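What the coordinates show
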Amino acid sequence: MFLLISALLMVSCIKDDVRGADLKVGDSLPDFEVVMSDGTTVSDDSLKGSVSVIVFFSTICPDCQQVLPVIQQIYDEYAQKGVRFALISREQRKEDKGTAEGVEAFWRQNNLTMPYSAQKDRHVYSKFASEAIPRVYICDKDGIIRYIFTDDPIPTYDDLMYSLESLIR
């Protein structure tokens, strides 16, 4: 039993040793700024005025691999409705097939088209949370977090759509 629990902790995407902010529904977005793969800059200030979706992921996380195609579907439908998206890697290391080139390869392999920001550390992530990816924040036009989804359970298309629709109306 001990070996089973130890093995599960080793392969889990959610076990972390870094302490972070652990934002909650009702909190304001923290100050952050990232450069996206399309060259645009996304910050807490730039997201204000629009409903926004912020996703933290890692390309080696099985739960992230499961949710990213769902996020792509949401992106395809809601970006054209004015919803802003920021997909930010929690940490991309070379040993994790990381770096921007590793994320780009993962995107190509999985037919993803959303802009992303490949991070080499957890600096931005730690402003939001201490553990658990995928982590999806849906914010209102004032930059207030209204919904948070993690891997327990992994959000479905319907979960995300309902959340966005409740804020767009």
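Here the structure is shown first, and the text comes after it.
Sequence order sets the numbering: in each chain, residues are counted from 1 along the sequence as written. Only residues with pLDDT of at least 70 get local features here, since the model is predicted, and only at 80 or more are side-chain atom pairs given and counted; chain-wide, interface and lining totals rely on the full set of residues. The side-chain values count all of the structure's non-hydrogen atoms but skip hydrogen atoms and water molecules.

Nonpolar core, defined: a set of buried Ala, Val, Leu, Ile, Met, Phe, Trp, Tyr and Cys residues in which side-chain atoms within 4.5 Å join the residues together. Burial classification: accessible surface area is computed with a 1.4 Å probe over protein chains only, and a residue below 20% of its type maximum counts as buried, one above 50% as exposed, and the rest as partly exposed. Judged by nonpolar contacts, the single largest core of 48 residues is most densely connected at Phe32, Ile54, Phe56, Leu87, Trp107, Phe128 and Tyr137. Mapped by element, the contributors of at least two residues to this core are strand S3 (52-57), helix H3 (62-78), strand S4 (84-89), helix H4 (99-109), strand S6 (135-139), strand S7 (145-149) and helix H5 (157-168). Broken down by element, this core gets its largest block of residues, eight residues, from H3. Apart from the residues lying within four places of it in its own chain, the contact partners of phenylalanine 32 are Val42, Ser43, Asp44, Leu47, Ile54, Ile88, Val124, Lys127 and Phe128. The helix and strand labels rest on DSSP assignments: H or I over at least four residues marks a helix, E over at least two residues marks a strand, and numbering proceeds from the N terminus. Here, residues are in contact when the closest pair of their heavy atoms is within 4.5 Å.

In this analysis, strands are considered paired if DSSP registers two or more bridges between them. On the basis of which strands lie adjacent, the open sheet formed by five strands has the order S5-S4-S3-S6-S7 and mixed pairing. A strand with exactly one partner marks an edge of an open sheet, and here the two such strands are strand S5 (116-117) and S7. In terms of strand pairing, S4 meets S5 through two bridges, oriented parallel. From the neighbouring strand, leucine 87 faces S5, where its bridge partner is tyrosine 116.

Working definition: rings of Phe, Tyr and Trp (its six-membered ring) pair if their centres are within 6.5 Å, and the pair is stacked with planes under 30 degrees apart, edge-to-face with planes over 60 apart, and tilted otherwise. Within this structure, the stated rule accounts for nine aromatic pairs. Judged by centre distance (5.1 Å) and plane angle (75°), the rings of tyrosine 75 and phenylalanine 85 are edge-to-face. Within this pair, whereas tyrosine 75 is found in helix H3, its partner phenylalanine 85 is found in strand S4, the two being separated by ten residues in sequence. Judged by relative accessible area, phenylalanine 85 falls into the buried class, the value being 10%. Judged by centre distance (6.1 Å) and plane angle (55°), the ring pair of phenylalanine 106 and tryptophan 107 falls under tilted. For the pair formed by phenylalanine 106 and tryptophan 107, the shared burial category is buried. Site record: aromatic cluster; members linked through ring pairs are Phe32, Phe56, Tyr125, Phe128 and Tyr137.

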